Amino acid sequence: MAQENMREILIFAINGERFEVSNFEPSITLLEFLRYHTRFKSVKLGCGEGGCGACVVVLSRYDIFNDQVKSFTVSSCLTLLCSVDKCSIITSEGLGNTKDGFHPIHERFAGFHASQCGFCTPGMCMSLFSSLLNADNSPHEDDAPPPSGFSNLTASEAEMSISSNLCRCTGYRPIADACKSFASDVDIEDLGLNSFWKKGDSSNPKADKLPFYDRDNQINVFPQFLKNELGVLKRQSWYTPTSLSELQVTLISILAEKDERVKLVVGNTGMGYYKEIVPFHNYIDLRYIPELSVIRMDQNGIEIGAAVTIYEAISALKRENEAMGEGESVFVKIANHMEKVATRFVRNSASIGGNLVMAQRKHFPSDIATILLGAGSTVNIQMDSKFVTVSLEEFLAWPPLDSGSVLLSVQIPHTKIGNEVFFETYRVSPRPLGNALAYINAAFLAEVSRSETTNGVTVNNIRLAFGAYGVEHAIRVRNIEEFLVGKKSLQLEDLLEAVIMLRGSIIPEVGTTHAAYRRSLAVSYLFDFLYPLIGAGDDFEKTINTNEDQGFLLSGSQVVETSNEYYPVGEPIAKTGATIQASGEAVYVDDIPSPPSCLHAAFIYSTKPLARVKGVKTISEFLPVDVITFQDIPNGGVNVGVKTDFGLEPLFADELTRAAGQPLALVVSDTQKHANMAASSAMVDYDFENLEPPILTVEDAVERSSFFEVPPNLYPKQIGDFSKGMDEADHKILHAEIRLPSQYYFYMETQCALAIPDEDNCMVVYSSVQSPAYLHSVIAICLGVPEHNVRVITRRLGGGFGGKSVRSMPVSTACALAAFKLRRPVRIYVNRKTDMIMIGGRHPMKITYSFGFKSDGKITALHLDILIDAGITIDLSPLITHFIMGPLREYNWGALSFDMKLCKTNLSSKSSMRAPGDLQGSFIAETVIEHVASSLSLEVDNVRKKNMHTFDSLRNFYGVSAGEIHEYTLPFIYDKLAVTSHLDERIKMIKEFNGNNTWRKRAISLVPIIYEVTVSPIPGKVSILQDGSIVVEVGGIEIGQGLWTKVKQMTAFSLSSNLCNADDDENLLDKVRVIQTDTLSLVQGGFTYGSTTSESSCAAVKLCCDILVERLMPIKNRLCEQTGSVKWEALITAGHLESVNFAANAYYVPVAGTGDYLNYGAAVSEVEINLLTGETKILQSDIIYDCGQSLNPAVDLGQIEGAFVQGIGFYMREEYLTNSEGLVISDSTWTYKIPSIDTIPKRFNVEILNSNHHKNRVLSSKASGEPPLLLAASVHFATKAAIKEARKQLSSWSQRRTDSSYFHLPVPALMPVVKELCGLDNVESYLENQISRG
Ligand SMILES: Cc1cc2nc3c(=O)[nH]c(=O)nc-3n(C[C@H](O)[C@H](O)[C@H](O)COP(=O)(O)OP(=O)(O)OC[C@H]3O[C@@H](n4cnc5c(N)ncnc54)[C@H](O)[C@@H]3O)c2cc1C
Ligand code: FES
Ligand code: FES
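Reference entry: report on the structure contained in this document. These numbers were taken from a predicted model, which means no experiment stands behind them.

## Here we look at the overall build of the chain
The helix and strand tally for the chain stands at 38 helices and 46 strands. Viewed in the frame of its principal axes, the chain has a C-alpha envelope of about 95 × 85 × 80 Å. Burial statistics for the chain: of 1334 residues in total, 65% are counted as buried. The contacts of the chain with a sequence gap of at least 6 include a subset with a gap of at least 24, amounting to 78%. Only carbon and sulfur atoms are counted for the fraction: they give 50% of the accessible area of the chain, which is about 46700 Å². Here the chain contributes 120 positively and 154 negatively charged side chains, and the mean placements of these two sets differ by 2 Å.

## Quick look at the packing of helix H25 (residues 878-888) against helix H26 (residues 918-936)
The geometry of H25 relative to H26 is characterised by a closest axis approach of 7 Å and an angle of 40° between their N-to-C directions. By the angle between their axes, H25 is oblique relative to H26. In the packing of H25 onto H26, the handedness of the crossing is right-handed. The residues of H26 that touch H25, namely those facing Phe-883, Ile-884, Pro-887 and Leu-888, are Asp-918, Gly-921, Ser-922, Ile-924 and Ala-925.

## Examining unusual backbone geometry
Residue Pro-568 is bonded to the preceding Tyr-567 through a cis peptide linkage, with omega at 5°. Position of Pro-568 among the secondary structure elements: in the loop between strand E20 (555-560) and helix H18 (578-583). Despite not being glycine, Gln-1084 shows a phi value in the positive range, around 65°. Here Gln-1084 lies in the loop between strand E42 (1077-1078) and helix H32 (1093-1123). Looking at Gln-1084, the relative accessible area reads 47%, which means it is partly exposed. Of note in this structure, Asn-1252 is not a glycine but carries a positive phi near 60°. Among the residues examined, Asn-1252 registers a relative accessible area of 40% and is labelled partly exposed.

## Considering the site of ligand 1
The environment of ligand 1 is made up of 36 residues, and the closest members are Leu-264, Thr-269, Gly-270, Ser-351 and Asp-367. One of the backbone N or O atoms of Ala-342 is found 3.3 Å from a nitrogen atom in ligand 1. Asp-367 places a main-chain nitrogen or oxygen 2.7 Å from an oxygen atom of ligand 1. For ligand 1, whose accessible area on its own is 970 Å², the fraction buried by protein is 96%. Listed by contribution, the elements that provide at least two residues to the shell around ligand 1 are strand E9 (262-265), helix H12 (352-362), helix H13 (367-374) and strand E15 (405-413). Counting residues per element, the shell around ligand 1 draws most heavily on H12, which supplies 5 residues.

## Describing empty space enclosed by the protein
Scanning the model with the defined rule gives 11 cavities of 30 Å³ or more in all. There is about 400 Å³ of room inside the second largest cavity. Lining the second largest cavity are 31 residues, and of these Ile-1039, Gln-1041, Ser-1091, Gln-1199 and Gly-1265 sit closest to its centre. For the lining of the second largest cavity, the secondary-structure elements that each account for two or more residues are H32 and helix H34 (1193-1213). Tallied by class, the residues present in the lining of the second largest cavity amount to 8 nonpolar, 17 polar and 6 charged.

## Some words on the pattern of salt bridges
Enumeration according to the criterion identifies 61 salt bridges in this entry. Among the ionic pairs, Lys-333 bridges to Glu-328, the shortest N-O distance being 3.9 Å. The exposure class assigned to Glu-328 is partly exposed, which follows from its relative accessible area of 36%. Lys-1262 is the partner of Asp-1186 in a salt bridge, and the nearest nitrogen-oxygen pair spans 3.8 Å. One end of the pair, Asp-1186, is in strand E45 (residues 1176-1186); the other, Lys-1262, is in the loop between strand E46 (1243-1249) and helix H35 (1267-1270), and 76 residues separate them in sequence. Several salt bridges share partner residues, and in doing so they unite Arg-35, Lys-44, Asp-590, Asp-591 and Arg-827 into one network.

## Thoughts on the environment of Phe-552
Mapped onto the elements, Phe-552 comes out in the loop between helix H17 (515-530) and E20. Residue contacts for Phe-552: discarding those within four places in its chain leaves Glu-159, Met-160, Ser-163, Leu-433, Ile-1237, Asp-1238 and Lys-1242.

## Some points on the sheet that holds strand E14 (residues 386-391)
Taking strand neighbours across the sheet as the criterion, the 5 strands line up as E11-E12-E15-E13-E14 in an open arrangement whose pairing is antiparallel. If you trace the sheet from one side to the other, it starts and ends with strand E11 (295-298) and E14, each paired once. Strand-to-strand twist across the sheet, computed as the mean angle between neighbouring axes with direction ignored, equals 20°. With respect to the sheet, helix H8 (residues 244-256) is in contact with strand E13 (378-383), E14 and E15, its orientation differing from that of E15 by roughly 145°.

## Brief notes about the nonpolar core
Counting 384 residues, the largest nonpolar core has Phe-466, Leu-864 and Trp-893 as its most contacted members. When neighbours within four sequence positions are excluded, Phe-466 is seen to be in contact with Thr-370, Ile-440, Asn-441, Ala-442, Phe-444, Ala-474, Ile-475, Val-477, Leu-502, Ile-506, Ala-522 and Tyr-525. By size, the runner-up hydrophobic cluster in this structure holds 27 residues, among which are Phe-12, Phe-40, Val-57 and Leu-59.

## Here's the deal with the packing of helix H36 (residues 1273-1293) against helix H37 (residues 1311-1319)
Taken N-terminus to C-terminus, the directions of H36 and H37 make an angle of 30°; their axes are 8 Å apart at the nearest point. By the angle between their axes, H36 is roughly parallel relative to H37. Two secondary-structure elements touch here, H36 through Thr-1279, Ile-1283, Ala-1286, Arg-1287 and Leu-1290 and H37 through Val-1314, Leu-1317, Cys-1318 and Gly-1319.

## Looking at the sheet that holds strand E19 (residues 475-476)
What the 4 strands build is an open sheet, ordered E16-E17-E18-E19; its pairing is antiparallel. Two strands bound the open sheet, and with one partner strand each, they are strand E16 (421-428) and E19. Inspection of the sheet shows E16 paired to strand E17 (residues 440-450) by 8 bridges, in the antiparallel sense. Following the sheet pairing, Tyr-426 is matched in E17 by Ala-442. Contacts between H17 and the sheet are confined to E16, E17 and strand E18 (457-467), with E17 contributing the most and set at about 25° to the helix.

Calculation rules
- Residues numbered from 1 in each chain as written.
- Chains lettered and ligands numbered in written order.
- Predicted model: local features only at pLDDT ≥ 70, side-chain atom pairs only at ≥ 80, totals over all residues.
- Heavy atoms only, no water.
- Helix = DSSP H or I, 4+ residues; strand = E, 2+ residues; numbered from the N terminus.
- Buried < 20%, exposed > 50% of the residue type's maximum accessible area, 1.4 Å probe, protein only.
- Contact = heavy atoms within 4.5 Å.
- Areas by Shrake-Rupley, 256 points an atom, 1.4 Å probe, with all protein chains shown as cover.
- Lys, Arg positive; Asp, Glu negative; His and termini not counted.
- Charge placed at Lys NZ, Arg CZ, Asp CG, Glu CD.
- Axes fitted to C-alpha atoms, helices over the stretch in contact; angles between N-to-C directions.
- Parallel < 35°, antiparallel > 145°, perpendicular 65-115°, else oblique.
- Left-handed = near helix turned anticlockwise from the far one by under 90°.
- Near = heavy atom within 4 Å.
- Polar contact = N/O pair within 3.5 Å; in protein donor to acceptor, adjacent residues only side chain to side chain.
- 1 Å grid on protein atoms, 1.4 Å probe; cavity = no way out; pocket = protein on both sides within 12 Å on 5 of 7 lines; lining within 4 Å.
- Points joined across faces, edges and corners; volume = space filled by probe spheres on them.
- Nonpolar A, V, L, I, M, F, W, Y, C, P; charged D, E, K, R; others polar.
- Salt bridge = Lys/Arg side-chain N within 4 Å of Asp/Glu carboxyl O.
- Pairing = 2+ DSSP bridges.
- Core = buried A, V, L, I, M, F, W, Y, C linked by side-chain atoms within 4.5 Å.

Laid out in structure tokens, this is it:
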């Protein structure tokens, strides 16, 4: 390349603005640049590994030869800045913003209530934007254009556009609706609750009410000035060779330098898996070498260059398949499989070659290696100056490719699939549509000949490839291939023998999780492939790899009854700030610009559960500025990181670390990246001499009497006489056991803080915390300063779910300590791995129970022994004992006795997570009910009804919390739900379905809940400014739950209903602004938890407004007498002239005896399990939930759906594992799988019951934040019932088995667990049975 075509300066555009950068580290990512070097903060860091979508941007490249701009999403956390040379980047702010006006995507996300905490929202918007852009720039030519205001995108494509993005708050349904509202084929009546029109609104066309989308007037994503930019970026440390020979020369020259580390790079997405702690000195970008970007088709097959992206490869394979005319070829199967590899925004930049090299060199569990192996591919490689072509099989078996070798391309033979040629690929993973590694993948190619007389088949040739099951690389099972080839007229016996042989061939490496399951999946795949080939399989129902139900959310309905009694309270108005959340302008802690001289921090945590810490060393290469430990606590300060009503906890381990994950030190450095690198490469010298073994289980804790004390006033009271109840029983179960695991919060925004030293030993701390007032105290104690020297400010959280109530205190305190010592601002944004390891999570428990019951199912006595694992510190754990008993009392057990112990173990401290204790309590209750039903072979529903409370027994179990008789809505809800969900008809249909299907079973379960909540005191402050605008402060924190929205509505109602003229229809909503919590402005803020902070904040605000009303009423009356009516602004002006005090403070304290109350709801869920894979599909969930008189039905609906889906995560998907030393090993998006849009119920119907007046409640409203989470147990119990069906069938096949009517389905009911209970060897049993029947 000519010298003048080279540039040392990196040129690109962000949101149309030109950027020229010359001084940068080559390892800097686009995300780092955007967040730390520009004003654009909408890209959020959720994981840093390509697994969440929070950082998605749209990247556009100009193809000068075709004069075409190509735009696609990428994860900015993995994209290297240098690789965006001459590219244009659009972030959510670039779509629209407060200044220039919002984009309809932003407005529709807000209007469909699709943004709660908002941390995922900009990424979601960008994913949708990219799909709209591509659909509308290249309309489907044959199709009629969509109506004005709509896109060419179809509804399922619209949903698909965000299928790779994660959201922890909403449950996805409203996001799907916002996306579908753009689709050309959407039925507008199917769209969910929104603020554009009311349900039942007959006005047409409704589409006109949607913010207008002009598909013909798209944002210019690629500025002209970039099109004129010439040359290629070439500089020391970032090389862009344009030919193979130049690449060779570059490689040789760099590798000749001692200590120089070089990385060949295409998309850099491999970094998402192999986190490179030590950055490379040199990068060679392979994308400019023509041989590596080739896509060439000839009669033998297709050659795909190593630098071709997965997305481009998919398009090319589909294109070539189509070009070859009728029928399918191997290509289309490969393309379909590739569509489930990684995420959309990863596939757009990830290369085929990068994937294969990762598989070859580092044993990455690749899909692409396996499917290309199955298809019989070869690869072309350049080794030094030699060019080599070898089979992929050989390549994978080579020793790891050295850094001087380059993969050039892969050649996939062309094979047409037909009557005698079969090709199939397989992958089963925790998420059906991708964004999860496969448990095992496979690709099979068979050439057969059919006998005309017997219809039997003879296998002439077969290739069976398996990979990703805990094996170095994808392999072919040659022994089975050889066994099958040549078998005349393949028989069931052959198939049985083949699967038995396969079990011996698929052997995962030691330490592979779910090893037995992976092997059984291999068998299922082979069975699925071969069985239909055998004549016997004519009626075989395919259950793996079917493309049915690709549209994930098929439908959803929301029934809400609004009331205008307290208008605008009760209106489903859009969430305050939702549009700025969507555009990314909403400011979270890490978005606050760094003050001058700001430093960044990262934690060094213990990896051992119990050890003496002799020293902590960091590597000087990473230039840490300081390492802060307990020894840096200033004079007068205390090593304290947590304060709750149960005491103080240390900030750092002192000489002894007492839990894996305990903070040992805080490294402070110039950037967050350097701090992270210094922390993760730190070496800790542990000493174990003379230490007792750590306590790692509740059993160990019992043996060593290691318990926390529960204050007697918190310990719940026993009910009735257990022995007497047992005496009355006809049947007794004397011992049964269940275990419930932990769960990680997975808020999208990890823990973060910014501490800024102020004059006179003061400290200002911005923190993402749910309890600023407590944090305030902790910081003061730690620093040894009076509390008035500390100020904690919290505006909004990117999700909390309880994880930022207590566990964020040490994070912010450590930051404050570092800032105090160094006299410089210090900030921290804890990376996902550290967050997952340090922060703890839900309390795991072991429950043993005994109970007695009558022959009709009435339970007479229940006793529970509950061992709660609290971890190393007390946190808020004593409350758990109280909370467990809330939902547990939902049935009339006759007598209820229990013994609960709070075990102190050497594990990270467990903390409150949404519905803490309550979740477990309700599960225990339902388990006992189900146990009785199983024991007596009764319908569970009958047993449930038999044991449901009358109002009298409810009073007996709950005391005054039970309220008044008309408030006990559960029996009504229960019956209503059975009717509205068509329970009886569906039970019949399920029976029929199960009779007709061998490998899929369905079941349905209805679960009720009673949930007790407590309303806590909270402060509020309302001030009216001179222009009549109103500013509100409350103790509660906006964590996405809509607290600000409800507070705003309450303020508007309380002031306008008294002070505004009803005839003028004055609405003060637009005049109210709720502002951040500042602990020096408003004291006694308390905790935001327990579902009731919104209503108590509203109550506090109402008290403030009442004060203001009292002050202003005389003026209003006087002015009204004079002029007939008075406008708000005039009233305020008059008030100012008369020196009215326009600021009112109040501290809301519930009236004694009214602070606790009960919430009711029920859910019915229908599931389908796959007996070959263990997959559970949630076909439908219907919920009815009593919100009293909802303060805002849209907000409450969001809480109900979001909580339910988080509950699905707990019951079905999220596995939070530790190693043998108690260190969390589920520490990334790779290993921890929260629900994604493809795993929520396919039909999702929610009704909010308006149960009208509740005397002691805030404007008759009730809580919604936590209780609905418990309802997800309906999915678990339906799964269990479906497994029961599978087990019945299994026992009918196999003489070896007996059908045990009662079995325990563990939580979470992961695919491996379900499969295990359905029989890991059910295929063998089935075949044996078929053979024996002849
Ligand atoms: C969130 C996520 C999920 C994923 N899920 C899956 C999945 O389900 N299934 C699956 O199969 N894969 C999955 N992947 C892996 C993904 O396919 C690879 O990361 C990607 O294909 C690598 O391509 P790249 O261009 O980004 O490689 P890079 O990251 O640029 O490079 C990867 C490695 O290969 C080397 N390299 C690249 N090209 C060459 C070459 N031509 N010659 C020699 N060395 C080379 C690089 O030096 C580097 O060591 C996932 C990745 C992510 C981030
Ligand atoms: S932060 Fe980039 S994908 Fe999660
Ligand atoms: S709104 Fe999606 S993560 Fe909070």
